[in-house]
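Residue-level listing of the chains:
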Amino acid sequence: MRRICMFILSISILCVGCQPTPAQDAVKQKNTNQLIEAVKEAEQAAPAPVPVKERMPQRFQCDFVTDIRQVHVTADVPIRVLTEGVFPLLRVQRRQFTNEERLTVYKRLFDSETVYKYEYRPTREAVVKEIEWLLQEPTAEEKKEFLEDPEESEETWAAYLQSRKDRIEELRQKYLSLPDDGTPLPFEPWDGSLFTIRDGESPGMVVGVEYPTPRKMPSYGTLLEGRPVYYSHEKEDGNDTYSVFSFDKRLDKPNVERIALEDYGKAHAGAAITARQAAEAAMTPLVGLGDFAVADILWSHDADDVAVAAGKIGKQAYLVRLTPVFHGASMPYCGMDAMDIPEGGGYTPSWCYEHVIAAVDGDGTILGMAWEGPLQETEVVSDTTTLLPFGEIMDIFSRQVNRIYSYEEDMHGSLTVSDVQLGLFRIREQGDMESGLLVPVWFITGEYSYANHPEEVHLYDNLSPIAVINAIDGSIIDVMKGY
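Each value, and the rule that gives it
- Residues numbered from 1 in each chain as written.
- Predicted model: local features only at pLDDT ≥ 70, side-chain atom pairs only at ≥ 80, totals over all residues.
- Heavy atoms only, no water.
- Helix = DSSP H or I, 4+ residues; strand = E, 2+ residues; numbered from the N terminus.
- Expected span 1.5 Å × (residues − 1).
- Buried < 20%, exposed > 50% of the residue type's maximum accessible area, 1.4 Å probe, protein only.
- Contact = heavy atoms within 4.5 Å.
- Polar contact = N/O pair within 3.5 Å; in protein donor to acceptor, adjacent residues only side chain to side chain.
- 1 Å grid on protein atoms, 1.4 Å probe; cavity = no way out; pocket = protein on both sides within 12 Å on 5 of 7 lines; lining within 4 Å.
- Points joined across faces, edges and corners; volume = space filled by probe spheres on them.
- Nonpolar A, V, L, I, M, F, W, Y, C, P; charged D, E, K, R; others polar.
- Axes fitted to C-alpha atoms, helices over the stretch in contact; angles between N-to-C directions.
- Parallel < 35°, antiparallel > 145°, perpendicular 65-115°, else oblique.
- Left-handed = near helix turned anticlockwise from the far one by under 90°.
- Core = buried A, V, L, I, M, F, W, Y, C linked by side-chain atoms within 4.5 Å.
- Salt bridge = Lys/Arg side-chain N within 4 Å of Asp/Glu carboxyl O.
- Pairing = 2+ DSSP bridges.

It is worth spelling out helix α10 (residues 390–404) at this point. For α10, built from 15 residues, the straight-helix expectation of 21 Å at 1.5 Å per residue is met to within 8% by its first-to-last C-alpha distance of 21 Å. Among the 15 residues of α10, 11 are classified as buried, and the element is accordingly described as predominantly covered. Buried within α10 are the following residues: Phe390, Gly391, Ile393, Met394, Asp395, Ile396, Phe397, Ser398, Gln400, Val401 and Asn402.

Looking now at the environment of histidine 355. Structurally, histidine 355 is set in strand β17 (residues 355–361). Accessibility expressed as a relative area gives 5% for histidine 355, which makes it buried. In sequence terms histidine 355 and proline 374 are 19 residues apart; their C-alpha atoms lie 7.8 Å from each other. With sequence-adjacent residues up to four places away left out, histidine 355 is seen in contact with Leu322, Tyr333, Cys334, Ala370, Trp371 and Glu372. Side-chain polar atoms of histidine 355 contact the backbone oxygen of tyrosine 353, separated by 2.8 Å.

Here we take up the layout of surface pockets. Approximately 990 Å³ is the volume attributed to the largest pocket. The wall of the largest pocket is formed by 43 residues, among which Arg80, Leu261, Tyr264, Ala295 and Asp419 lie closest to the centre. Classifying every residue of the lining of the largest pocket by side-chain character gives 22 nonpolar, 8 polar and 13 charged.

We now examine the packing of helix α6 (residues 140–147) against helix α7 (residues 154–177). For the pair α6 and α7, interaxial distance at closest approach is 10 Å and the crossing angle is 125 degrees. Between α6 and α7, the angle falls in the class oblique. Once α6 is placed against α7, the crossing between them reads as right-handed. Residues Glu142, Lys143, Phe146 and Leu147 of α6 form the contact with α7, whose participating residues are Glu154, Thr156, Trp157 and Tyr160. Class assignment of the residues belonging to the contact of α6 with α7 gives a composition of 4 nonpolar, 1 polar and 3 charged.

Phe60, Phe397 and Trp442 are the most contacted members of the largest nonpolar core, which has 62 residues in total. For this core, the leading source of residues is strand β21 (residues 435–449), giving 8 residues. Membership of the second largest hydrophobic core comes to 38 residues, among which are Phe97, Trp190, Val229 and Ala271.

This paragraph deals with the pattern of salt bridges. Taken as a whole and judged by the stated rule, the model has 21 salt bridges. In this structure, the salt-bridge partner of arginine 250 is aspartate 248, at a minimum N-O distance of 2.8 Å. By relative accessible area, which is 35% here, arginine 250 ends up partly exposed. On the basis of relative accessible area, aspartate 248 is assigned to the buried category, the value being 6%. Where lysine 315 meets aspartate 361, a salt bridge forms, and the shortest distance between an N and an O atom there is 3.1 Å. Remark: aspartate 361 occurs in strand β17 and lysine 315 occurs in the loop between α9 (306–309) and β13 (316–326); sequence separation between them is 46 residues. Exposure remark for aspartate 361: the relative accessible area of 12% places this residue in the buried category. A cluster of three or more residues bridged by salt bridges with shared partners is formed by Glu130, Arg167 and Glu170.

Here we come to the side chain of arginine 94. Locating arginine 94 in the fold gives a position in strand β3 (residues 89–94). A distance of 3.1 Å separates the side chain of arginine 94 from the backbone oxygen of serine 350, its partner in a polar contact. Within the structure, the side chain of arginine 94 is placed 2.9 Å from the backbone oxygen of methionine 433, a separation counted as a polar contact. In this view, arginine 94 contacts Pro349, Ser350, Trp351, Pro374, Met433 and Glu434; residues no more than four positions away in its chain are not counted.

Below, the discussion takes up the pairing of β17. Summarising burial for β17: 7 of the 7 residues are buried, a large majority. The alternating pattern of β17 places His355, Ile357, Ala359 and Asp361 and Val356, Ala358 and Val360 on opposite faces, both of which are buried. Pairing of β13 with β17, which is carried by 6 bridges, proceeds in the antiparallel orientation. Bridge assignment links leucine 319 to a residue of β17, and that residue is alanine 359.

Looking at the element boundaries, threonine 323 is found in strand β13. In the structure, threonine 323 is positioned 48 residues away from tryptophan 371 in sequence and 9.7 Å away in space, judged by C-alpha atoms. Not counting residues up to four positions away in its chain, the partners in contact with threonine 323 are Asp291, Phe292, Ala293, Ala295, Ser330, Met331, Pro332, Tyr333 and Glu354. Among the polar contacts listed, one links the side chain of threonine 323 to the backbone oxygen of methionine 331, at a separation of 2.6 Å.

The values are spatial; any link to function lies outside them.
Written out as C-alpha cells, the structure reads:
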C-alpha cells in the first residue's frame with residue numbers, strides 16, 4: 001500500500017510544472033450544507049470503513065520547485081493521523097463553562113476543597129474615609145464640567161447623585177458588619193459562579209485559597225469571559241507568579257523545542273519527570289470534564305525575550321498542549337482565533353479553537369494553565385467520512401504553495417515542511433460565530449527562508465499554518481476566518 005501511495009506522490013510531483021496556478025484566492029466561503037450532503041451520499045455508497053492510518057502513507061514527502069517564483073519546497077516528516085479509526089462529521093456549537101466545571105478545576109489546581117473569592121476587603125477605617133468623601137456635596141464647577149459632556153443631562157446628573165446616596169447606604173451596612181478590631185472580613189467561599197458587580201458580570205475577578213496576608217495570594221485563578229481556567233502558580237521567591245503565557249511558545253527561538261513523540265518516555269535534561277508524565281499531570285485537573293489528547297509537548301522557558309534576557313531564565317518547563325477528542329478523533333492545536341469582521345465595519349466576538357495549554361515544572365507541578373473555547377457536540381452528521389486520495393491532497397498542496405509564493409520577494413526562497421497532522425478541525429458559516437462543523441483536515445506547518453535574506457526565517461506554526469486542507473473536498477481553510 002505504501003509503495004502505491006509513494007508512486008502516486010511521485011507522479012503528482014512530476015506534474016506540478018504542468019498545472020496552471022489559479023490567480024484567485026483559494027479560500028472561499030464554504031457551503032456546509034453541500035458538504036454534508038456529499039458526505040452522506042458517500043457514506044451510503046461506501047464499503048465497511050478502513051482505519052485512516054491504513055489508507056495513508058507513513059510520511060509526507062516532497063521535493064519540488066514552484067512554477068512562478070521557483071521556491072524550493074521540501075518535506076520528509078511523519079504524518080500524524082489523529083485517530084485510530086475513522087473521522088466523523090459533526091455539528092458543534094460554542095458553549096459556556098458550567099459553575100461545576102470552574103469550581104472543580106480550581107479545587108484540583110489549588111489542591112483544596114474550598115476556594116475563595118479574592119476581592120478588595122476594606123477595614124472600618126477605609127469605609128469611613130469613603131463615606132466622608134461621598135458626603136461632600138459636588139460643587140457647581142463639578143456639575144458644570146459633568147454637563148459639558150453632550151451625552152449627559154440633568155436627568156443623568158440626578159441619577160449620579162442618587163448613586164452616591166445608594167453607595168453611602170451600602171457602605172454604612174458594610175461598616176456595621178466589619179470587626180471592631182480593624183481587621184477586614186474574611187474571603188467568601190466561591191461556588192464556581194462568575195462574580196457580579198452592579199452593572200452585571202465582571203470578567204476579570206480572581207479566586208484563590210485563603211492566605212494569612214489579606215492582600216496577597218500565593219497562586220491565583222482569573223475568571224475571564226469564556227476562559228474558566230487561567231491559573232498561575234507562585235514563584236519560588238514569592239514576589240510574582242508563573243503564568244502559562246510567560247513561557248515562550250516560538251519554535252524559531254533559542255531554547256524552545258518540540259519534543260518528538262518517540263521521546264515522550266524520556267525525562268528532558270533538567271527535569272525529573274518524562275514528557276508523558278507531564279502530559280498526565282496536565283490532564284489530571286480535567287478528569288471527568290472531557291476527553292483530551294496530547295497535541296504536542298514543548299520544552300520552554302519563562303524569559304520574556306531571550307535576546308535581552310539571556311542567562312536570566314528563571315524556570316524551564318514542559319508546555320503541554322491538549323485538544324479535545326470526539327468519537328476517538330482529536331484536533332490539531334491551533335492558537336489562532338477565528339474572527340468575523342463585517343463588511344461595513346464593527347466588532348463581533350472572536351471564536352478560538354478549543355485547547356488546553358499547561359506549563360508543567362520538571363517535578364510535575366503545574367505552573368500555569370488555560371482552557372479555552374469549549375465545544376459542545378450537537379449532532380453526528382456521519383459516523384465516517386470519505387477522504388480524498390493522498391495523491392490529490394499533494395496536488396492541492398503544491399497548487400496552494402504556488403498561490404502563496406507569487407510575489408517578487410519570494411523568488412528562489414526555501415520552504416521546509418516540519419509537521420503534518422490529519423485531524424478534526426472546526427469550520428463555520430460566514431456570519432455565524434456560535435456553530436459549525438468538525439471536519440477532517442490536513443494541517444501543515446513549517447518554515448520559510450528568503451533567498452536574499454537566508455537568516456530571516458518565517459515560521460508557519462499553529463497560528464498561521466502553511467495550509468489547512470479540507471480532507472473531504474480539498475478546499476483551503478483560513479484559520480483566521482474560520483472557514
